[in-house]
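# Structural overview for review
Here is what each chain is made of, one letter per residue.
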Amino acid sequence: MNENIIEKIESLPPLPKTIIEIEEFRQQPEKEAFELLKIIEKDALIVSTLLKVSNSAMFGFRSKVETASKAINLLGINFTISIAIGGTIQNLLKTNLSAYGINSDDFMRASNLATTLASLWLNKISFELKEELVLPALLQEAGKFVLADIIDTSEKTEEFKELIASGKTLAQAEKEITGMTTSEITAKIFKHWKLSDNLINVIEYVDELDKCDEKYLEKSKILNVIKTVCNVTNAFSEENIALGLEKAKTFNLEPKPLQDAIDKLEDRLLDE
């Protein structure tokens, strides 16, 4: 099974030139919005995704966002980068997600909720943490596209669903069926695409925190909480919110800023 996964990852198409330019821009110490705009405007799909996300209820902007320039001004540089990279990567990996009982739109919604929750929550804790974790919060579930394909082609979909129905977490069921979890697969995909080591390291062991390097553990715990609340199969359900808050307490993360962020995002979602 592992060989099939590695083969699948190695056969992935390369990242588009625009995304390579955005990733290079992301790693610059000084960033100017007009430079990002020049890169983004080369790619109609990124502009379309950016406007679609900007106009969703979860941001609650009062007027319609009609240009990439206005989206960057409202969302900020790092958030815009996250949406641009995230949307493109999800489009590249697009496959049948039936093993998880969802479709690509469900996945995109959960991912956008995750990155918005990360921004609202971490904004109350640390600006540096927010800037660093908004992108991994959006991208950490990308490995599910590869896993879903492997589970489906191996004719293990029903077995996988039975494990979940029996009470196993998604990560436990993934490990049992394929030998790997989403966070491991996501890290391998990003290594294949030569994305930044920091992005890879904070994601790699989110599903298996006992294996995580102490240097990245706090960040991986935060991503684990976000992933729990925004579980792709039922994002922002009462059960998953409760689980996420409980994990935050277990991880010694102050629960009030998280609860405040959840409340704020829930209010926005009422307008959906």
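Look above for the structure.
Residues numbered from 1 in each chain as written. Predicted model: local features only at pLDDT ≥ 70, side-chain atom pairs only at ≥ 80, totals over all residues. Heavy atoms only, no water.

## Let's talk about empty space enclosed by the protein
The condition is simple: A cavity, in this analysis, means grid points on a 1 Å lattice covering only the protein atoms where a 1.4 Å probe fits yet has no way out; a pocket is instead an open set bounded by protein on both sides within 12 Å along at least five of seven lines, and a residue lines either one if it has an atom within 4 Å of a point. Grid points are joined across faces, edges and corners, and a volume is the space filled by probe spheres set on the points. Only DSSP runs of H or I reaching four residues or more are called helices, and only runs of E reaching two or more are called strands; each is numbered from the N terminus. Throughout this entry, Asp, Glu, Lys and Arg are counted as charged residues, while Ala, Val, Leu, Ile, Met, Phe, Trp, Tyr, Cys and Pro are counted as nonpolar. The remaining residues, Gly among them, count as polar.
The final tally for this structure, using the stated rule, is 1 cavity of 30 Å³ or more. Here the largest cavity is characterised by a volume of approximately 60 Å³. The wall of the largest cavity is formed by Ala110, Ser111, Ala114, Ala137, Leu138, Gln140, Glu141, Ile226, Lys227, Cys230 and Val232. For the lining of the largest cavity, the secondary-structure elements that each account for two or more residues are α7 (104-122), α8 (127-139) and α14 (214-229). The greatest single-element share of the lining of the largest cavity, amounting to 3 residues, is contributed by α7. When its residues are assigned to classes, the lining of the largest cavity shows 7 nonpolar, 2 polar and 2 charged.

## A few points about a negative patch on the surface
Stated precisely, the cut-off is as follows: Without a salt bridge and with relative accessible area above 30%, a residue can belong to a patch; like charges are then joined within 9 Å and nonpolar side chains (Val, Leu, Ile, Met, Phe, Trp, Tyr) within 5 Å. Surface accessibility follows the Shrake-Rupley procedure with a 1.4 Å probe radius. Residue values consider only the protein chains on display as shielding. Salt bridge, as used here: a side-chain nitrogen of Lys or Arg that lies within 4 Å of a carboxyl oxygen of Asp or Glu. In this tally, Lys and Arg are treated as positive and Asp and Glu as negative; His is ignored, and so are the chain termini. Charged side chains are reduced to one point each, which is NZ for Lys, CZ for Arg, CG for Asp and CD for Glu.
On the surface, a cluster of negative charge is made up of Glu238, Asp263, Glu266 and Asp267. The leading source of residues in the negative patch is helix α16 (residues 255-269), at 3 residues. Mapped onto the elements of the fold, Asp267 is located in helix α16.

## Things to note about unusual backbone geometry
Cut-off, in case you're wondering: Note on exposure labels: buried denotes an accessible area under 20% of the residue type's maximum, exposed denotes more than 50%, and partly exposed covers the range between, all computed with a 1.4 Å probe on protein chains only.
One non-glycine residue, Glu155, adopts positive backbone phi at about 55°. Inspection of the secondary structure assignment puts Glu155 in the loop between α9 (143-153) and α10 (157-165). Residue classification places Glu155 among the exposed positions, given a relative accessible area of 73%. Positive phi is not limited to glycine here, since Phe236 has a value of about 65°.

## Description of the pattern of salt bridges
Oppositely charged side chains can form a pair if their charged atoms are brought close together. Within this structure, the stated rule accounts for 16 salt bridges. Ionic pairing is found between Arg26 and Glu23, a salt bridge with its closest N-O pair at 2.8 Å. Of this pair, Arg26 and Glu23 both sit in helix α2 (residues 17-26), separated by 3 residues, roughly a single helical turn. Judged by its relative accessible area of 6%, Glu23 is buried. The shortest N-O distance in the salt bridge between Lys191 and Glu204 comes to 3.3 Å. With Lys191 in helix α12 (residues 182-192) and Glu204 in helix α13 (residues 197-204), this pair connects stretches of sequence that are 13 residues apart. In this structure, a network of salt bridges that share partners links the residues Glu141, Lys144, Glu174, Asp207 and Lys227.

## Some details on the environment of Leu12
Residue placement: Leu12 occurs in the loop between α1 (2-10) and α2. As for Leu12 and Leu93, which are separated by 81 residues in sequence, their C-alpha atoms are 7.8 Å apart.

## Re the side chain of Ser54
This is how it is decided: Polar contact is the term for a pair of N or O atoms within 3.5 Å; when the atoms are in protein, one must be able to donate a hydrogen and the other to accept it, and sequence-neighboring residues count only if both atoms are side-chain atoms. Pairs of residues are marked as contacts when any of their non-hydrogen atoms sit within 4.5 Å.
Its place among the elements puts Ser54 in helix α4 (residues 44-54). There is a polar contact of 2.7 Å between the side chain of Ser54 and the backbone oxygen of Leu50. Beyond its immediate stretch of four places on either side in the chain, Ser54 contacts Phe59, Phe61, Val65, Ala71 and Leu75.

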